[in-house]
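# Remarks on the overall topology
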Amino acid sequence: NVKQTSDVLKSSTEIVVANIWKKVLRYEEDIINDVDFFQMGGDSLKAMELSVEINKKFKDIDIGVRDIFLNSTIKKISNLINERKKYLDFIENGTI
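Counted by the stated rule, this structure contains three aromatic pairs. Seen from their ring centres, F37 and F38 are 5.1 Å apart, and the 85° between their planes marks the pair as edge-to-face. The exposure class assigned to F38 is partly exposed, which follows from its relative accessible area of 24%. Three or more aromatic residues joined by ring pairs make a cluster, and in this case those are W21, F37, F38 and F69.

When you line up the elements, Y87 lands in helix α5 (residues 74-93). Taking C-alpha positions, Y87 is 33 Å from E29, a pair spaced 58 residues apart along the chain.

For the chain, the average pLDDT comes to 89, and 91% of its residues sit at 70 or higher. Counting interchain partners and residues more than four positions distant, the pLDDT-below-50 stretch residues 1-7 has nine contacts.

Here we come to the nonpolar core. By size, the foremost hydrophobic cluster in this structure holds 21 residues, and its most contacted members are W21, F37, L50, I54, I63 and I77. Breaking this core down by element, the ones donating at least two residues are α2 (12-25), α3 (44-57) and α5. Among the elements that make up this core, the one with the highest residue count is α2 (six residues). Those residues within four positions of I63 in sequence are excluded, and the remaining contacts are S51, I54, N55, I68, I77, L80, I81 and R84.

Time to look at the environment of D43. Mapped onto the elements, D43 comes out in the loop between α2 and α3. Separated by 26 residues in sequence, D43 and F69 place their C-alpha atoms 9.5 Å apart. If we ignore the near neighbours within four places in the chain, the residues touching D43 are F37 and F38. Of note is the side chain of D43, whose polar atom sits 2.8 Å from the backbone nitrogen of K46.

What counts, and where the lines are drawn
- Residues numbered from 1 in each chain as written.
- Predicted model: local features only at pLDDT ≥ 70, side-chain atom pairs only at ≥ 80, totals over all residues.
- Heavy atoms only, no water.
- Phe/Tyr/Trp six-rings, centres within 6.5 Å; stacked < 30°, edge-to-face > 60°.
- Buried < 20%, exposed > 50% of the residue type's maximum accessible area, 1.4 Å probe, protein only.
- Helix = DSSP H or I, 4+ residues; strand = E, 2+ residues; numbered from the N terminus.
- pLDDT = per-residue confidence, 0-100.
- Contact = heavy atoms within 4.5 Å.
- Core = buried A, V, L, I, M, F, W, Y, C linked by side-chain atoms within 4.5 Å.
- Polar contact = N/O pair within 3.5 Å; in protein donor to acceptor, adjacent residues only side chain to side chain.

Now the structure itself:
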């Protein structure tokens, strides 16, 4: 039994990333945060598309295809996005 998306996605970043994954993979059902992109049918071309879509949504974060291969779950890529957001905030404002 797969739980509903809202029950298993923990952060707003995870929800946004999950919606992007669903669009790229043409997946309409609920998705959980620890599912692997490549086990769901992702490949290198879809990873490139995912990278582009994530970078459109999260300006100045720069998630590359290599990042997706190394962080191939919603939870991991969301954590990476959040870490990079914190780093950018620190660089721009001197605060975390």
